[in-house]
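# Secondary and tertiary structure notes
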Amino acid sequence: MARQRAGAIHLKSPAEIEAIAQGGCIIAALMDEIEPLVVPGVTTEALDRFVDEYVRSHDGAVPAFKGLYGFPGSACISVNAEVVHGIPAKRRLRGGDIVSIDVGVRREGWCADSAFTFPVGEIGAEAAHIMDVTRDALRLAVAATVPGNHVGDIGAAVVERVRGTGLAIIPDLVGHGVGREIHEEPQVSNVGRRGRGVPLQPGMVLAIEPMLAAGTDQIVTLADRWTVSTADGRLSAHFEHTVAVTADGPAVLTGGGIWDRSDERDGHDPAVTGPLSTTIRHP
Ligand code: MG
Ligand code: MG
């Protein structure tokens, strides 16, 4: 989502990062569970119902987007040219579609936010290309999320990955800080420049979310006042993780498997252990 609130950047303690990771793990597991349900013939409403029930089946967890700014769904489900904020509906997915499922979880007062674009049945070459590049741009953007870098280095990694692919970065939609609120400062542009923007420091938690288009980088909001689509109707893809900046590198809090229970038992800080920068999922 792109709307921002002005304000300060809130740094999180290791315990607070762990609390965000608890919600993040629910989303990570949800993405694994929902993947086999994304098939020709399923309605986006049915997928939304699955998200709602899955999230609420975890103690204290609620879908963070439900009612956020008045959004009616529990997930944002955006098909093909739709970039973000698609409203779940009775329409059925068709083979060859690509569909972005964007989920926020709020648990014990902390939020996590993640999105994946899934293929529906067999997809064409252009759809596979935009999915591959967007996912890889996220991987590289996460790798740039380290102390000493600036927020502009995140978007610069996206720019550098997209260059020469024939795809466009949608400049009007940005990532954001995550914490007590689903959308916090700072904005995380996908068209960043190296060394620009606020310095990254341990305790920052950011939703990093490249959104790419196959044609124009311009977007329009549809008549439902929510769904954001590419202006030319060509394909779009969107991958997102909630990532903590730590002294040991980026911690992908929605990646799943960021720590194992033995680390917790041994008294290590689970937020900063595990294969942090290598936990990007590949659906
Ligand atoms: Mg987000
Ligand atoms: Mg999201």
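Since the model is a prediction, treat every value here as computed from it, not as a measurement. (Residues numbered from 1 in each chain as written. Chains lettered and ligands numbered in written order. Predicted model: local features only at pLDDT ≥ 70, side-chain atom pairs only at ≥ 80, totals over all residues.)

### Describing the overall build of the protein
- Each helix and strand counted, the protein has five helices and 15 strands in total.
- A total of 283 residues make up the protein; the buried ones form 51% of that total.
- Counting only contacts in the protein whose residues sit at least 6 apart along the sequence, the fraction spanning at least 24 positions is 71%. (Helix = DSSP H or I, 4+ residues; strand = E, 2+ residues; numbered from the N terminus. Buried ≥ 20, exposed ≤ 12 C-beta atoms within 10 Å, placed from the backbone. Contact = placed C-beta atoms within 7 Å.)

### Considering the nonpolar core
- Within the largest apolar cluster, 80 residues are counted, with the highest numbers of intra-cluster contacts made by Ile20, Val99, Ile101, Ala141, Ile208 and Leu212.
- With 10 residues, the top contributor of residues to this core is helix α1 (residues 14-34).
- Residues in contact with Ile20, not counting those within four places in the same chain, are Lys12, Trp110, Ala112, Val178, Val205, Thr242 and Leu253. (Core = buried A, V, L, I, M, F, W, Y, C linked by C-beta atoms within 7 Å.)

### A few points about the sheet that holds strand β10 (residues 211-213)
- Strands sit in the order β6-β10-β13 across an open sheet of three strands; the sheet is antiparallel. Where the open sheet ends on each side, the last strands, each with one partner, are β6 (168-169) and β13 (236-238).
- Direction of pairing for β6 relative to β10: antiparallel, over a ladder of two bridges. Within the sheet, the bridge partner assigned to Ile169 lies in β10 and is Leu212. (Pairing = 2+ DSSP bridges.)

### Some remarks on helix α3 (residues 125-143)
- Between its first and last C-alpha atoms α3 spans 27 Å; for 19 residues at 1.5 Å apiece the expected length is 27 Å, and the two agree.
- Listing the buried residues of α3 in full gives Ala127, Ile130, Met131, Thr134, Arg135, Ala137, Leu138, Ala141 and Val142. Buried positions in α3, seen along its axis, are confined to an arc of 155° and lie on one side of it. (Expected span 1.5 Å × (residues − 1). Arc of directions from axis to C-beta.)

### Re the packing of α3 against helix α4 (residues 151-162)
- Where α3 contacts α4, the axes come no closer than 8 Å and their chain directions differ by 145°. Viewed along their axes, α3 and α4 form a crossing whose handedness is right-handed. For the pair α3 and α4, contact is made by Val133, Asp136, Ala137, Leu140, Ala141 and Ala143 and by Ile154, Ala157, Val158, Arg161 and Val162, respectively.
- For the contact of α3 with α4, the class distribution of residues is nine nonpolar, no polar and two charged. (Axes fitted to C-alpha atoms, helices over the stretch in contact; angles between N-to-C directions. Left-handed = near helix turned anticlockwise from the far one by under 90°. Nonpolar A, V, L, I, M, F, W, Y, C, P; charged D, E, K, R; others polar.)

### Examining the pairing of strand β2 (residues 75-79)
- A large share of β2 lies buried, amounting to five of its five residues.
- Burial along β2 is two-sided: Ala75, Ile77 and Val79 and Cys76 and Ser78, pointing in opposite directions, are all buried.
- Pairing of β2 with strand β4 (residues 98-107) involves five bridges; the strand directions are antiparallel. When the sheet's bridge partners are listed, Cys76 is paired in β4 with Asp102.

### Let's talk about unusual backbone geometry
- The peptide bond linking Glu185 to Pro186 adopts the cis configuration, its omega dihedral lying at 0°.
- With respect to the element layout, Pro186 can be found in strand β8 (residues 184-188).
- Phi at Asn80 is positive, roughly 55°, even though this residue is not glycine.
- Its location among the elements puts Asn80 in the loop between β2 and β3 (82-84).
- Located in the positive-phi region is Glu108, a residue other than glycine, with phi close to 50°.
- With respect to the helices, strands and loops of the structure, Glu108 is situated in the loop between β4 and β5 (110-119).

### Examining the sheet that holds strand β14 (residues 241-246)
- In spatial order, the strands read β8-β7-β9-β14-β15; together these five strands make up an open sheet with antiparallel pairing. Each edge of the open sheet carries a strand with a single partner, namely β8 and β15 (249-252). Neighbour-to-neighbour, the strand axes of the sheet open up by a mean angle of 30°, direction not taken into account.
- Sheet topology places strand β7 (residues 175-177) next to β8; three bridges connect them, and they run antiparallel. Of the residues in β8, the one forming a bridge with Gly177 is Glu184.
- In the packing of α1 onto the sheet, contacts are made with β9 (205-208), β14 and β15, and the angle to β14 comes to roughly 160°.

### Focus: α4
- The end-to-end C-alpha distance of α4 is 18 Å, a good match for the 16 Å that 12 residues give at a rise of 1.5 Å each.
- For α4, a buried count of 10 out of 12 residues is recorded, marking the element as mostly surrounded by other parts of the structure.
- Along α4, the residues classified as buried are Val151, Gly152, Asp153, Ile154, Gly155, Ala156, Ala157, Val158, Arg161 and Val162.

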